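Residue-level listing of the chains:
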Amino acid sequence: MAIGTKKYLVAIKTQSLTQDALGQPLDEWTTICAPWADIRYLRGFEAIKAGQTTSTVTCSIRIGYRENLTPGMRVYHAGVVYNINAVLPDLLKKEHVDLVCEVM
């Protein structure tokens, strides 16, 4: 993948469970990497669930090849949080990883 196609600097975070001073669990997100990425919106739709209108936006985020990414992690960019639903690595050339994400 050409470097010029990665236009956006993103942060990929993983959930880390810690405790506060009183021993209460804290839900924190820790940055594991900050790669350049290409973000492509694939589709968006609205549906009525439990009597309420909800919208879902799906996108693909392509970054350089990495092996330490898993579904459930999050991508942060420009105030938008993307939940990683699937990690699709380029196993042949090991040039990139496509992250199938949903906007939270």
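Scroll up to find the structure.
This text gives an overview of the structure that appears in the document. All of these numbers come straight from a predicted model, not from anything done at the bench.

Moving on: the overall build of the protein. Looking only at helices and strands, the protein has zero helices and eight strands in total. For the protein, the succession of helices and strands along the chain, N to C, is β-β-β-β-β-β-β-β. Evaluated residue by residue, the protein yields a buried proportion of 30% over its 104 residues. Within the protein, counting contacts between residues at least 6 apart in sequence, those at least 24 apart form 48% of the total.

The subject of this paragraph is the nonpolar core. Ranked by internal contacts, the top residues of the largest apolar core, which has 16 residues, are Ile12, Ile61, Ile63, Val75, Leu99 and Cys101. Where this core is concerned, the elements lending two or more residues are strand E4 (36-49), strand E5 (52-64), strand E7 (80-89) and strand E8 (96-103). Sequence-distant contacts of Cys101, defined by excluding residues within four places in its chain, comprise Val57, Thr58, Cys59, Ile61, Val75, Tyr82, Asn83, Ile84 and Asn85.

In this section: the environment of Gly64. With respect to the element layout, Gly64 can be found in strand E5. Not counting the four nearest positions on each side in its chain, Gly64 is found in contact with Lys6, Glu95, His96 and Val97.

For the structure shown, the criterion picks out one aromatic pair. For the pair Tyr41 and Tyr82, a centre-to-centre distance of 6.5 Å together with 45° between the ring planes defines the contact as tilted. Note that Tyr41 is positioned in strand E4 and Tyr82 in strand E7, a separation of 41 residues in sequence. Judged by its relative accessible area of 2%, Tyr82 is buried. Note that Lys13 overlies the ring of Tyr76, its terminal NZ or CZ placed 4.5 Å from the centroid.

This part is about unusual backbone geometry. One non-glycine residue, Ala78, lies in the positive phi region at around 50°. Tracing the backbone shows Ala78 in the loop between strand E6 (74-77) and E7. The backbone of Lys94 shows a phi angle near 55°, a positive value even though the residue is not glycine. In this fold, Lys94 is placed in the loop between E7 and E8.

What follows is about the environment of Asp20. Tracing the chain through its elements places Asp20 in the loop between strand E2 (11-19) and strand E3 (25-33). On the accessibility criterion, Asp20 (29% relative accessible area) is partly exposed.

About the criteria used
- Residues numbered from 1 in each chain as written.
- Predicted model: local features only at pLDDT ≥ 70, side-chain atom pairs only at ≥ 80, totals over all residues.
- Heavy atoms only, no water.
- Helix = DSSP H or I, 4+ residues; strand = E, 2+ residues; numbered from the N terminus.
- Buried < 20%, exposed > 50% of the residue type's maximum accessible area, 1.4 Å probe, protein only.
- Contact = heavy atoms within 4.5 Å.
- Core = buried A, V, L, I, M, F, W, Y, C linked by side-chain atoms within 4.5 Å.
- Phe/Tyr/Trp six-rings, centres within 6.5 Å; stacked < 30°, edge-to-face > 60°.
- Lys NZ or Arg CZ within 6 Å of the ring centre and 35° of its normal.

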